[in-house]
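Letter by letter, the chains look like this.
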Amino acid sequence: SLAALVATAATPVIAWWLFPLGDGYIVTGVLAVLIFWRHRANIQRILAGTEPKIGKKKPAPAADG
């Protein structure tokens, strides 16, 4: 999750660097803001240290017995 957010934040900068006269950085900047807004719950879990790692299975529910 963190790597995807870093890539999202870097995309408008890279777009501006590659095409400084185009409007691609504006479009990618708006998309980056929308992506961050949509994933704010994930960001909160990352900051709290509770976001599951890639490949880590969720704990099994406790068996009633």
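The following paragraphs examine the structure supplied in this document. Only a predicted model underlies this, so the values are computations on that prediction, with no experimental measurement involved.

If you want to describe how two helices pack, look at the angle between their axes and the distance between the axes. Contact geometry of helix 1 (residues 2-18) with helix 2 (residues 24-38) gives a least axis separation of 7 Å together with a crossing angle of 165 degrees. When the axes of helix 1 and helix 2 are compared, the pair comes out roughly antiparallel. For the pair helix 1 and helix 2, the sense of crossing is left-handed. Along the contact surface, helix 1 presents Leu 5, Thr 8, Ala 9, Thr 11, Pro 12, Ala 15 and Trp 16, while helix 2 presents Gly 24, Tyr 25, Thr 28, Gly 29, Ala 32, Ile 35 and Phe 36.

Let us now look at the packing of aromatic side chains. Applying the stated criterion to the full structure yields 0 aromatic pairs. In this structure, Arg 40 is placed above the aromatic ring of Trp 37, and the distance from its NZ or CZ to the ring centre is 4.0 Å.

If you check helix 2, its first and last C-alpha atoms are 21 Å apart, about what 15 residues at 1.5 Å a residue would give, namely 21 Å. Of all the positions in helix 2, only Thr 28, Gly 29 and Ala 32 are classed as buried. Taken around the axis of helix 2, the buried residues stretch over an arc of 105 degrees, which confines them to a single face. Summarising the geometry of helix 2, the exposed residues directed more than 90 degrees from the buried face are Val 33, Leu 34, Trp 37 and Arg 38. Contacts from the buried residues of helix 2 go to helix 1.

Cut-offs and rules
- Residues numbered from 1 in each chain as written.
- Predicted model: local features only at pLDDT ≥ 70, side-chain atom pairs only at ≥ 80, totals over all residues.
- Heavy atoms only, no water.
- Axes fitted to C-alpha atoms, helices over the stretch in contact; angles between N-to-C directions.
- Helix = DSSP H or I, 4+ residues; strand = E, 2+ residues; numbered from the N terminus.
- Parallel < 35°, antiparallel > 145°, perpendicular 65-115°, else oblique.
- Left-handed = near helix turned anticlockwise from the far one by under 90°.
- Contact = heavy atoms within 4.5 Å.
- Phe/Tyr/Trp six-rings, centres within 6.5 Å; stacked < 30°, edge-to-face > 60°.
- Lys NZ or Arg CZ within 6 Å of the ring centre and 35° of its normal.
- Expected span 1.5 Å × (residues − 1).
- Buried < 20%, exposed > 50% of the residue type's maximum accessible area, 1.4 Å probe, protein only.
- Arc of directions from axis to C-beta.

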